[in-house]
Amino acid sequence: MSKSELHPTFREKNVYSLDCIFCGSNVCRRGMKAVLLADTRTEMYSTDIPEKDAVDLVEGGILTNHCACKINQLACIACGNEIGYTVSRPCRKCLMSCNNGHFWMYFSSCVNASQRVNRAGEELLLWGDLPSVGEDVSVIFETECFR
Ligand SMILES: [Zn+2]
Ligand SMILES: [Zn+2]
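I keep staring at the coordination of the zinc ion (ligand 1) and nothing clicks. Help me out?
Around the zinc ion (ligand 1), the donor atoms from the protein are Cys67 (SG), Cys69 (SG), Cys91 (SG) and Cys94 (SG), and they sit 2.2 to 2.3 Å away. Of note is the zinc ion (ligand 1), whose four donor atoms meet at the metal with angles of 105 to 113° in an arrangement that counts as tetrahedral. When the donors of the zinc ion (ligand 1) are listed by position in the chain, the intervening gaps give C-x1-C-x21-C-x2-C. Of this pair, cysteine 69 sits in the loop between β5 (62–63) and β6 (70–76) while cysteine 91 sits in the loop between β7 (82–89) and α2 (92–96); the two residues are 22 residues apart in sequence, bridging distant segments of the chain.

Put into structure tokens, the structure is as follows:
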């Protein structure tokens, strides 16, 4: 997804880096704080792409109880704990509603979130400034630094 396709509502949102609360592994560097439409008490983090080789799908899809989406639970590869889910087959209602195009979700109770800053390290990074997945050089840059 390119920058221009992101709905204006989401461009002002902060970008979060997410670590598994159980083992500390980084599971996402492109997280967005989200509230479920179906359950506004549930706080989640959504992403357009999880960290590479950080999460795995739990076998067997399940149906949600509030719409026709089919979801698969997500487990942290490092420790095996379930930390979220992915929408493997979104329903028509959800596709038609104003969504951010994110089909990967993390439970806020299962991750530690920290806000990402821009490359100069001076300002908080916003989704409107975040490059598309293929162009997110800061992810590649940071990853190489940690090796
Ligand atoms: Zn749905
Ligand atoms: Zn973990």
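After that view of the structure, there is still more to cover.
Mind showing me how you'd approach the packing of aromatic side chains here?
What describes a pair of aromatic rings is the distance from one ring centre to the other and the angle between the planes of the rings. Counted by the stated rule, this structure contains two aromatic pairs. Ring geometry for tyrosine 85 against phenylalanine 107: centres 6.1 Å apart, planes inclined by 50°, an arrangement best described as tilted. You can see tyrosine 85 sitting in strand β7 and its partner phenylalanine 107 sitting in strand β8 (residues 104–107), a full 22 residues away along the chain. When its relative accessible area of 13% is taken as the criterion, tyrosine 85 is described as buried.

How should the environment of leucine 125 be read in this particular structure?
Secondary-structure assignment places leucine 125 in the loop between β9 (111–115) and α3 (137–146). Note on leucine 125: relative accessible area 8%, which makes it buried. For the pair formed by leucine 125 and glutamine 115, sequence separation is 10 residues and the distance between their alpha carbons is 7.6 Å.

Can you help me understand the pairing of strand β3 (residues 43–47) in this one?
Taken residue by residue, a regular strand's side chains alternate between the two faces of the sheet. The buried count for β3 comes to four of five residues, which makes it a mostly enclosed element. As judged from the four bridges shared by β3 and β8, these two strands associate in the antiparallel manner. Looking across to β8, one finds that methionine 44 is bridged to phenylalanine 107.

Teacher, can you tell me more about the side chain of histidine 102 here?
Position of histidine 102 among the secondary structure elements: in the loop between α2 and β8. Under the relative-accessibility criterion, histidine 102 is labelled buried at 6%. Engagement of the side chain of histidine 102 in a polar contact is seen with the side chain of serine 46, the distance being 2.9 Å. Histidine 102 has contacts with Met32, Ser46, Thr47, Asp48 and Trp127, leaving out every residue within four places of it along the chain.

Is there a simple way to explain the side chain of asparagine 100 in this structure?
Within the secondary structure, asparagine 100 sits in the loop between α2 and β8. Look at asparagine 100 and you get buried, because its relative accessible area is 12%. In terms of polar contacts, asparagine 100 uses its side chain to reach the side chain of serine 46, at 3.2 Å. A distance of 3.0 Å separates the side chain of asparagine 100 from the backbone nitrogen of histidine 102, its partner in a polar contact.

For this particular structure, what's the right way to read the coordination of the zinc ion (ligand 2)?
Metal coordination angles have textbook ideals: 109.5 degrees for a tetrahedral set of four donors and 90 or 180 degrees for an octahedral set of six. Protein-derived ligands of the zinc ion (ligand 2) are Cys20 (SG), Cys23 (SG), Cys76 (SG) and Cys79 (SG), with the metal-ligand distances lying across 2.3 Å. For the zinc ion (ligand 2), the four donor atoms are set out with angles of 107 to 113° between them, so the coordination reads as tetrahedral. In primary sequence terms, the donor set of the zinc ion (ligand 2) follows C-x2-C-x52-C-x2-C. One end of the pair, cysteine 23, is in the loop between β1 (16–20) and β2 (26–35); the other, cysteine 76, is in strand β6, and 53 residues separate them in sequence. On the basis of relative accessible area, cysteine 23 is assigned to the partly exposed category, the value being 36%.

Conventions used here
Residues numbered from 1 in each chain as written. Chains lettered and ligands numbered in written order. Predicted model: local features only at pLDDT ≥ 70, side-chain atom pairs only at ≥ 80, totals over all residues. Heavy atoms only, no water. Donors = N, O, S within 2.8 Å, 3.2 Å for Na, K, Ca; no water. Tetrahedral: all angles 85-135°; square planar, octahedral: opposite > 155°, others 65-115°. Helix = DSSP H or I, 4+ residues; strand = E, 2+ residues; numbered from the N terminus. Phe/Tyr/Trp six-rings, centres within 6.5 Å; stacked < 30°, edge-to-face > 60°. Buried < 20%, exposed > 50% of the residue type's maximum accessible area, 1.4 Å probe, protein only. Pairing = 2+ DSSP bridges. Polar contact = N/O pair within 3.5 Å; in protein donor to acceptor, adjacent residues only side chain to side chain. Contact = heavy atoms within 4.5 Å.

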